[in-house]
Amino acid sequence: MKDTIQIAVVGSGYVGLVAAVCFAEMGHSVVCVDNDQRKVDALRSGDSLIHENHLPELLERYRNSKVRFTSDLGEATREAEAIFIAVGTPQGDSGKADLSYVEAVANEIARSLTSYKVIVEKSTVPVYTNEWIRRVMERNGVSQRLFDVVSNPEFLREGTAISDFLHPDRIVVGTDSEPARALLARIYEPLTNGSYYEQDDSIDGFRSSAAPPPLLFTSTKSAEIIKHASNAFLALKISFINAVSNLCEAADADVEQVARGMGLDSRIGPRFLRPGIGYGGSCFPKDVAAFRVVAEQLGVDFALLTEVENINADQKKRFLNKVRSALWTLRGKKIGVLGLSFKGGTDDIRESPAIELVEMLLAEGCSINAFDPAAMARAELVLPPGSNLRYMPDAYAVAHNAEALLILTDWEEFSHLDLHRLNGLMRYPIVVDGRNLYDPDVMSQNGFTYFSVGRPATQHVHELTTA
Ligand code: UDX
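Everything numeric in this text was worked out from a predicted model, so none of it was measured.

Quick word on the packing of aromatic side chains
So, point 1. Enumeration according to the criterion identifies eight aromatic pairs in this entry.
So, point 2. With centroids separated by 4.8 Å and ring planes inclined at 45°, the aromatic side chains of F23 and F84 adopt a geometry described as tilted. Of this pair, F23 sits in helix α1 (residues 14-25) while F84 sits in strand β4 (residues 82-85), placing them 61 residues apart in sequence.
So, point 3. The buried category is assigned to F23, whose relative accessible area is 0%.
So, point 4. Pairing F23 with F165 gives two aromatic rings, centres 5.4 Å apart and planes at 85°, and the pair type is edge-to-face.

So this is what it looks like as structure tokens:
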């Protein structure tokens, strides 16, 4: 028989909503709380609000049954055995994480607490937040016997959030309390004992009953640092390969070959070694900055993190210069832009390098036609269409009469465009690829002048740039 646990999830953003439907998928009963009534109403009526694989089907399966949506945190707290806090921790002053939402939730939980609860921080938070939540509870007069605070960081990526949640590399639980440890072990048991993967309609992924995910118990502070350190390390890997790509450009080498050669070393591994126009999204920029501030506050010199940020910022400027050298001057140029989201497979434009580059190009006086398979509605809110910026229905409409085509997001569909058709539509067949989606030889065979990141430009291009 399934061990059903009453869970409250506070926050219905990427992490909260995904956690809520996945806990239901694992057999638990979930109340998902958000103080935005419009979001609650939308979710109740089946609008998943974000572009995420498998989310619509799971929402349809569980909404208003095993996942209920409410704006009443007090009621959700009273019903639940475990309360997962998954509210935003945006970037505050000078990179510090703004924990005011976490604090507000902790205060409200404290006011409704009448029996023992396990409060779980799932949002990415700096080390010591756990202790801080404990202090808020105590300040509200809640007895220490009535709660434990656990750190259970989430490592899901946007676009693959559901399968990342249900097929995790590891599950980290930071606690020093035995009852809290036991409850978290029960919550995750369908994954850790492999039974979930035997279910008929389980979501596909790399885990199986023969290879279930490990559950790692740590101290609360270690768990908090694991999350920040993991994200910072992945960002470091990206900045490292971007720095190497600059070296490859200077030496006329090919960064894709270099990355392949490095990645085959099992100590390095091939993932997160894709060069490009820099990392973006709601996590890496914010978390690297927050981790840097944590180190500063603790008196630790972690200058490496500043360098990771510097390389990331420079990568966008280098790309802009590449476009400039391809076109000689930018003012008045008609440029096609493919991709606006911070990576392929999502409609999220937060900290998107593509959006920043569009802003830079507009500031240089370019006129832009842009297309993104999912992110245009969101992009229009921050970059309203006007005489210099138009949103187009597809990649070919973008290419029409363009003096250069820029690939800014690694959408799968951008990697197999009809090159012959594209070339015929453009005013000048110049492609500047910020995601290395094409083979330079194939591009030159198709008549393009092709620039990419960390790889030699085509012969024709070389002549142009050195002229
Ligand atoms: C990231 C972490 O991967 C995840 O564990 C954490 O929970 C949240 O932050 P996400 O922001 O969804 O997830 O995206 P991710 O796939 O990690 O990509 C982040 C950025 O890095 C994107 O802009 C992507 O284009 C860029 N990137 C990624 C590269 O430039 N090169 C790479 O090799 C990998």
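Things to note about the nonpolar core
So, point 1. Membership of the largest hydrophobic core comes to 52 residues, with the highest contact counts inside it found for V323, I335, V337, L338, L340, L406 and L408.
So, point 2. Leaving out residues up to four positions away in the same chain, L408 has contacts with I277, F319, V337, L338, G339, A354, L357, V358 and R435.
So, point 3. In this structure, C32, L55, L59 and F84 belong to the second largest nonpolar core, which totals 46 residues.

Some details on the packing of α1 against helix α3 (residues 55-62)
So, point 1. Orientation of α1 relative to α3, taken along the N-to-C sense of each, is 60°, at an axis distance of 10 Å. The orientation of α1 with respect to α3, classified from their angle, is oblique. For α1 against α3, the interelement crossing comes out left-handed. Contact residues: L17, V21, A24 and E25 in α1; L55, L58, L59, R61 and Y62 in α3.
So, point 2. Looking at the contact of α1 with α3 residue by residue, the class counts come to seven nonpolar, no polar and two charged.

Here's the deal with unusual backbone geometry
So, point 1. Despite not being glycine, Y128 has its phi angle at roughly 90°, a positive value.
So, point 2. Turning to its location among the elements, Y128 is positioned in the loop between β5 (117-121) and α6 (129-139).
So, point 3. For D252, which is not a glycine, the phi torsion comes out positive at approximately 60°.
So, point 4. Mapped onto the elements, D252 comes out in the loop between α10 (220-251) and α11 (255-263).

Digging into the pairing of strand β13 (residues 430-433)
So, point 1. Here β13 shows no split at all, with I430 and V432 on one side and V431 and D433 on the other all buried.
So, point 2. In terms of strand pairing, strand β12 (residues 404-407) meets β13 through three bridges, oriented parallel. Across the sheet, the residue bridging to L406 is V432, located in β13.
So, point 3. On the question of chirality, the crossover connecting β12 to the parallel β13 by way of helix α17 (residues 419-425) is right-handed.
So, point 4. As paired elements, β13 and strand β14 (residues 449-451) share three bridges and run parallel to each other. Each bridged residue has a counterpart across the sheet, and for V431 the counterpart in β14 is Y450.
So, point 5. Once you follow β13 into helix α18 (residues 440-445) and on to β14, the crossover reads as right-handed.

Quick look at α6
So, point 1. Those residues of α6 that fall on the buried side of the exposure criterion are T129, N130, I133, V136 and M137. The arc that holds the buried residues of α6, viewed along the axis, is 115°, so those residues lie on one side.
So, point 2. Close packing links the buried residues of α6 with β4, α5 (100-112), β5, β6 (147-151) and α10.
So, point 3. The positive-phi residue at the C-terminal boundary of α6 is G141, with phi of around 80°.

Let's talk about the site of the ligand
So, point 1. Around the ligand, 18 residues are found, and the nearest of them are F155, L156, E158, R274 and R435.
So, point 2. One of the side-chain N or O atoms of K227 is found 2.9 Å from an oxygen atom in the ligand.
So, point 3. Here an oxygen atom of the ligand and a backbone polar atom of F342 are 2.9 Å apart.
So, point 4. Of all the elements, α10 adds the most residues to the shell around the ligand, at three residues.
So, point 5. By residue class, the composition of the shell around the ligand is nine nonpolar, two polar and seven charged.

Quick look at the pairing of strand β9 (residues 334-338)
So, point 1. Counting buried positions along β9 yields four of five residues, so the element is predominantly enclosed.
So, point 2. Two strands pair when backbone bridges link them, and β9 and strand β10 (residues 367-371) are joined in this way by five bridges, in the parallel orientation. Looking across to β10, one finds that G336 is bridged to N369.
So, point 3. Between β9 and its parallel partner β10, the chain crosses via helix α14 (residues 353-363), and the hand of that crossover is right-handed.

A word on empty space enclosed by the protein
So, point 1. Tallied over the full model, the rule gives two cavities of 30 Å³ or more.
So, point 2. Approximately 40 Å³ is the volume found for the largest cavity.
So, point 3. As for the largest cavity, its lining consists of E121, S123, T124, V125, S151, N152, P153, A223, E224 and K227.
So, point 4. Of the residues in the lining of the largest cavity, the class split is three nonpolar, four polar and three charged.
So, point 5. Roughly 40 Å³ of volume is contained in the second largest cavity.
So, point 6. What lines the second largest cavity is N246, G276, I277, Q315, R318, F319, K322 and V453.
So, point 7. When residues of the lining of the second largest cavity are assigned to their parent elements, the largest contribution, four residues, is made by helix α13 (residues 303-327).
So, point 8. When residues of the lining of the second largest cavity are assigned to domains, at least three fall in each of domain 2 (230-310) and domain 3 (318-451).

Rules used throughout
- Residues numbered from 1 in each chain as written.
- Predicted model: local features only at pLDDT ≥ 70, side-chain atom pairs only at ≥ 80, totals over all residues.
- Heavy atoms only, no water.
- Phe/Tyr/Trp six-rings, centres within 6.5 Å; stacked < 30°, edge-to-face > 60°.
- Helix = DSSP H or I, 4+ residues; strand = E, 2+ residues; numbered from the N terminus.
- Buried < 20%, exposed > 50% of the residue type's maximum accessible area, 1.4 Å probe, protein only.
- Core = buried A, V, L, I, M, F, W, Y, C linked by side-chain atoms within 4.5 Å.
- Contact = heavy atoms within 4.5 Å.
- Axes fitted to C-alpha atoms, helices over the stretch in contact; angles between N-to-C directions.
- Parallel < 35°, antiparallel > 145°, perpendicular 65-115°, else oblique.
- Left-handed = near helix turned anticlockwise from the far one by under 90°.
- Nonpolar A, V, L, I, M, F, W, Y, C, P; charged D, E, K, R; others polar.
- Pairing = 2+ DSSP bridges.
- Right-handed = clockwise from strand over helix to strand, strands pointing away.
- Arc of directions from axis to C-beta.
- Near = heavy atom within 4 Å.
- Polar contact = N/O pair within 3.5 Å; in protein donor to acceptor, adjacent residues only side chain to side chain.
- 1 Å grid on protein atoms, 1.4 Å probe; cavity = no way out; pocket = protein on both sides within 12 Å on 5 of 7 lines; lining within 4 Å.
- Points joined across faces, edges and corners; volume = space filled by probe spheres on them.
- Domains from an automatic or database assignment.

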